[in-house]
Structures are given as C-alpha cells and as structure tokens.
Amino acid sequence: MELGLLFQIVSTTIMVIGVIFGIQNIRQYQANRKRESAILMLNSFQTPDFVRGLLSIFNLPDHAGKDVVDGLPAEEFMAIYMVMGAWERLGVLIFRGEIPLHLVDDAFSGPIVQSWQKLDAYVSEFRAQIGRDTFMEWYQWLAERMLEREQAAGPVPAYLAHRDWKARK
C-alpha cells in the first residue's frame, strides 16, 4: 500500500472520529443545559414569597373577580402577582422549548390549574379594564395546556402512577 494512501485513510478516520466526538459533546451539553434549567426552575419556586402568594391564591374563591383581588392587603396582592408572573414566564419558557412541558406538568400542574381557576375572572376583568388581551397570556396558555393534559389522562398522583418504579442500576 502506498504511503500517501495510508495517510489519507488515517486522516479520514481521525476526522470521522473527531466529528463523532463533537456531536456526542454537543448532545451532552444540551442534556446538561436542560437538566440545569430544570433544577433552577424547581428551586426558583421554593421561596417564602412564592409560597405565600400561592397560599393567598388558594384562599381565594373560585373565579375571584377584580374587586376581590384588588381588595386584598398589599402584601398578599404583590405575592399573588409574583406567582402569576412566575407562571407567565414559565409558559414562555415551555413554549420556546427551554423547559419540557412534562416536567412542569409533573411538578406544578395542580397549582397552575388551581390558581387559574381562582384567578381567571380577575385576569379577564383586568384585560377588559386595560384594553389589552396580552395580560398574563402565557399564564393562561400554560393553564390550558395543563388542563388539556388532565382531560386526556386525568390527574393521577405520582404515588399511584409510578408505584412500580424501580431505580436504574
């Protein structure tokens, strides 16, 4: 075999191995990025202010109107807005593919659906007041996606859905 041909075979093989290695690194980077964003997302909802806002929402009557929400003490009102803003940003991140919908469904479907049930009338009345339908649009979008998923399979608690789960070896 000629020396030139041997060098071509070796250099082509090295190039193919480099491309395969590069693709593998890119996939690993993407997986790590998604994992990190999921962890950050989960941690961001574990603040006292967020919990306070969620509890304030749960204490509201279903379909609470603008008069009810506007009449809350300022601290509760701000905490509720913090939760609505978090759901709004989460909706955008899911829509853009930054966070998988199934992860949010597993972690927050109940609070998202329940909070929308409490605040849907408030959001509608506020939109009418300001003349802008984009107020909390992604929050509504997210709640509707969660409701669709629940209607398709019903809300099954993890302790039932995954009772036969075994840890990976």
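Criteria and cut-off values
Residues numbered from 1 in each chain as written. Predicted model: local features only at pLDDT ≥ 70, side-chain atom pairs only at ≥ 80, totals over all residues. Heavy atoms only, no water. Helix = DSSP H or I, 4+ residues; strand = E, 2+ residues; numbered from the N terminus. Rg over C-alpha atoms; globule rule 2.2 N^0.38 Å. Buried < 20%, exposed > 50% of the residue type's maximum accessible area, 1.4 Å probe, protein only. Contact = heavy atoms within 4.5 Å. Areas by Shrake-Rupley, 256 points an atom, 1.4 Å probe, with all protein chains shown as cover. Lys, Arg positive; Asp, Glu negative; His and termini not counted. Charge placed at Lys NZ, Arg CZ, Asp CG, Glu CD. Expected span 1.5 Å × (residues − 1). Salt bridge = Lys/Arg side-chain N within 4 Å of Asp/Glu carboxyl O. 1 Å grid on protein atoms, 1.4 Å probe; cavity = no way out; pocket = protein on both sides within 12 Å on 5 of 7 lines; lining within 4 Å. Points joined across faces, edges and corners; volume = space filled by probe spheres on them. Axes fitted to C-alpha atoms, helices over the stretch in contact; angles between N-to-C directions. Parallel < 35°, antiparallel > 145°, perpendicular 65-115°, else oblique.

**Q** Just to check I follow, could you spell out the overall build of the protein for this structure?
**A** Looking only at helices and strands, the protein features seven helices and zero strands. Starting at the N terminus and ending at the C terminus, the protein contains elements arranged as α-α-α-α-α-α-α. On C-alpha atoms alone, the protein measures out to a radius of gyration of 24 Å, which is more than a quarter above the 15 Å that the 2.2 N^0.38 rule sets for 169 residues. Viewed in the frame of its principal axes, the protein has a C-alpha envelope of about 90 × 45 × 30 Å. Counting the 169 residues in the protein, one finds 30% classified as buried. Pairs at least 24 residues apart make up 78% of the contacts formed inside the protein by residues separated by at least 6 positions. Here the protein has roughly 11500 Å² of accessible surface; of this, 60% comes from carbon and sulfur atoms. Across the protein, 17 positive and 20 negative side-chain charges occur, with their mean positions spaced 9 Å apart.

**Q** Teacher, can you tell me more about helix α4 (residues 74-95) here?
**A** Owing to its 3.6 residues per turn, the α-helix aligns residues three or four sequence positions apart on the same side. Here α4 spans 32 Å end to end across 22 residues, near enough to the 32 Å set by a 1.5 Å rise per residue. Residues of α4 that are buried: Ala-79, Ile-80, Val-83, Met-84, Gly-85, Ala-86, Trp-87, Glu-88, Leu-90, Gly-91 and Ile-94.

**Q** What is the right way to look at the pattern of salt bridges in this model?
**A** Where charged atoms from two side chains of opposite charge come close, those side chains can pair. If you walk through the whole model with that rule in mind, you get seven salt bridges. Between Asp-49 and Arg-52 there is a salt bridge, and its shortest N-O distance comes to 2.7 Å. Linking Asp-49 with Arg-52, this pair stays in helix α2 (residues 48-58), spanning three residues, or about one helical turn. Note on Asp-49: relative accessible area 40%, which makes it partly exposed. On the accessibility criterion, Arg-52 (35% relative accessible area) is partly exposed. Between Glu-75 and Arg-52 there is a salt bridge whose closest N-O contact spans 3.7 Å. With Glu-75 in helix α4 and Arg-52 in helix α2, the pair connects residues that are 23 residues apart, well separated along the chain. Three or more residues are tied together by salt bridges with common partners; here these are Asp-49, Arg-52 and Glu-75.

**Q** Just to check I follow, could you spell out the layout of surface pockets for this structure?
**A** To find leftover empty space, one rolls a probe the size of a water molecule over the atoms. Considered as a void within the structure, the largest pocket measures approximately 330 Å³ in volume. Taken together, 14 residues form the lining of the largest pocket, with Asp-105, Asp-106, Ser-109, Pro-155 and Val-156 sitting closest to its centre.

**Q** Is there a simple way to think about the packing of α2 against α4 in this case?
**A** Helix-helix packing: each pair is described by the crossing angle between the helix axes and the interaxial distance. Two elements in contact, α2 and α4, have axes separated by 8 Å at closest approach and are oriented at 100°. One way to sum up the angle between α2 and α4 is to call them roughly perpendicular. Residues Asp-49, Phe-50, Arg-52, Gly-53, Leu-54, Ser-56 and Ile-57 of α2 form the contact with α4, whose own contacting residues are Glu-75, Glu-76, Ala-79, Ile-80, Met-82, Val-83, Ala-86 and Trp-87.

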